[in-house]
Amino acid sequence: MSINFAKFTATVALGALIAGSALAADDVDLPKTVSWTAYSVGSTGYGQSVAIGKALQDGYGVTLRVVPAKNDVSRVIPVMKGQIDFSAAGSGVFYAVEGVLGWAKPELGPQQLQMVMSSTGNNCLALGTAKDANIKTAADLKGKRLPWVLGSPSLQTNVTAFLAYGGLTWDDVTRVDVSGFDAAWKALVNNQADAMTSFTTGGGTELDASPRGLAWLETPHSETENWKRMQMVAPHMAKRVATAGTNLSKDNPLECGGFPYPILVTAPDRDEALVHNMAKSISEQFDNFVEAEPSAVGWADGRQNFQWVLPYHSGAVEFWKEKGMWSDEAAAHNQKLLDRQAILAAAWEGMADKSGDDFKDRWMAVRAKALTDAGMAPVWDK
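**Concerning the nonpolar core**
Next up, step 1: Residues Trp36, Phe86, Met278, Ile282, Phe289, Trp299 and Leu310 are the most contacted members of the largest nonpolar core, which totals 110 residues.
Next up, step 2: Excluding residues within four positions of it along the chain, Phe289 makes contact with Ala51, Ile52, Ala55, Ile282, Ala296 and Trp299.

This is the structure:
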């Protein structure tokens, strides 16, 4: 894949090393320039990357080169090819490591991405519903109208996960085909659909102001069996409590779920010292960049999830060990994820013929068999 770095590169080189900086420059050993890919200019991920870049410049004289990219492939592939050091990515990296959905192509396949750290904010990924649809529980979705965003497997998976939470499938609801995320929410406003997923801080405002009104569907953490069904469809969903978003606050929280964003990932062969110092610099500069960008609160040490769906890079593991935050349970979980990546890589390499219109079907069958034989859930079988 060809990427025009000259066109998309934004250099974060703001300020200079100043007296009174939180840390001396020799506390962190980073190259003079470090590069990240990120979401597009104007996105939360890009804004947080810029704020982190300023803190690195002020603290250590390090320039963070932020390369906006429009999709998961253009964020991930330059990192895997060694053209870029890290990616501040989204949940699409889960699909990348699994080699499914848009990654189930001959030129792509499973990517052995590894984590450095991530941001878990005060929002969540919830199902927004029209108040007049009277959807109080996920089971109430039966018979309702739900958007199916054409050409967006990740958005389709999100909605499917909430159906599974309620013990339902797409056969139990009326599917409404829409062209995109915005069109899905417009369908709710126009009374053509009844519920749609979104981050609580990224959707629902227009619906809330409409005659229909907005109600977020709660997914109580005590409903263990429902959560098991949801995570069978979307293992990257984790429990959290949201206090940020439309109609939400500390006084009106929502028990819900979500996944980190941004997720700082890199290639497995990236230098351990570089990864270690990248994690260290973000951790130690947290107070500085979060003051400038409050949405970056999720990068705090205490909000790291060491049992998510991507393994941590060995350089990051060493840093979190130094912080006293890496447990035996985290190590065991990490090894299972590394083993899973190795199985997927071997299955991919074992496919001698990656041509033909039936390639995806053949790959998904090979993938499912390899994981099942290893005692691991395939999650996707087609």
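**Focus: unusual backbone geometry**
Next up, step 1: Going from Tyr261 to Pro262, the amide bond is cis rather than trans, its omega being -5 degrees.
Next up, step 2: Residues other than glycine seldom take positive phi values, yet Asn134 does so here, at roughly 55 degrees.
Next up, step 3: Examined against the element boundaries, Asn134 turns out to sit in the loop between β6 (125-130) and β7 (145-149).
Next up, step 4: Residue Val379 is not a glycine yet carries a positive backbone phi of 65 degrees.
Next up, step 5: With respect to the helices, strands and loops of the structure, Val379 is situated in the segment after α13 (359-373).
Next up, step 6: Here Val379 falls in the partly exposed class, since its relative accessible area comes to 30%.

**What about the packing of helix α9 (residues 272-284) against helix α11 (residues 314-322)?**
Next up, step 1: Between α9 and α11, the least distance of the axes is 7 Å, while the angle of their chain directions is 45 degrees. Taken together, the axes of α9 and α11 are oblique relative to one another. Considering the relative orientation of α9 and α11, their crossing is right-handed. On the side of α9, the interface is formed by Glu272, Val275, His276, Ala279, Lys280 and Ser283, while α11 contributes Ser314, Gly315, Ala316, Glu318, Phe319 and Glu322.
Next up, step 2: Along the lines of polarity and charge, the residues of the contact of α9 with α11 split into 4 nonpolar, 4 polar and 4 charged.

**Here we look at the state of the cysteines**
Next up, step 1: Under the definition given, this model contains 1 disulfide.
Next up, step 2: Here Cys124 is linked by a disulfide to Cys256, with a sulfur-sulfur distance of 2.3 Å. Disulfide Cys124 to Cys256: torsion about the S-S bond roughly -120 degrees, handedness left-handed. Of this pair, Cys124 sits in the loop between β5 (114-118) and β6 while Cys256 sits in strand β12 (residues 254-258), placing them 132 residues apart in sequence.

**A word on empty space enclosed by the protein**
Next up, step 1: Applying the stated criterion to the full structure yields 1 cavity of 30 Å³ or more.
Next up, step 2: Estimates place the volume of the largest cavity at around 40 Å³.
Next up, step 3: If you go around the largest cavity, the residues you meet are Val97, Glu98, Val309, Pro311, Leu337, Arg340, Gln341 and Leu344.
Next up, step 4: If you list the elements that add at least two residues to the lining of the largest cavity, you get α4 (92-98) and α12 (328-349).
Next up, step 5: For the lining of the largest cavity, the element with the highest residue contribution is α12, accounting for 4 residues.
Next up, step 6: Counted by class, the lining of the largest cavity contains 5 nonpolar, 1 polar and 2 charged residues.

**Here we look at the pairing of strand β3 (residues 63-68)**
Next up, step 1: Here β3 lies mainly inside the structure; 5 of its 6 residues are buried.
Next up, step 2: Direction of pairing for strand β2 (residues 33-38) relative to β3: parallel, over a ladder of 6 bridges. Across the sheet, the residue bridging to Trp36 is Val66, located in β3.
Next up, step 3: Regarding topology, helix α2 (residues 44-60) serves as the crossover connection from β2 to the parallel β3, and that connection is right-handed.

What counts as what
- Residues numbered from 1 in each chain as written.
- Predicted model: local features only at pLDDT ≥ 70, side-chain atom pairs only at ≥ 80, totals over all residues.
- Heavy atoms only, no water.
- Core = buried A, V, L, I, M, F, W, Y, C linked by side-chain atoms within 4.5 Å.
- Buried < 20%, exposed > 50% of the residue type's maximum accessible area, 1.4 Å probe, protein only.
- Contact = heavy atoms within 4.5 Å.
- Helix = DSSP H or I, 4+ residues; strand = E, 2+ residues; numbered from the N terminus.
- Axes fitted to C-alpha atoms, helices over the stretch in contact; angles between N-to-C directions.
- Parallel < 35°, antiparallel > 145°, perpendicular 65-115°, else oblique.
- Left-handed = near helix turned anticlockwise from the far one by under 90°.
- Nonpolar A, V, L, I, M, F, W, Y, C, P; charged D, E, K, R; others polar.
- Disulfide = S-S within 2.5 Å.
- 1 Å grid on protein atoms, 1.4 Å probe; cavity = no way out; pocket = protein on both sides within 12 Å on 5 of 7 lines; lining within 4 Å.
- Points joined across faces, edges and corners; volume = space filled by probe spheres on them.
- Pairing = 2+ DSSP bridges.
- Right-handed = clockwise from strand over helix to strand, strands pointing away.

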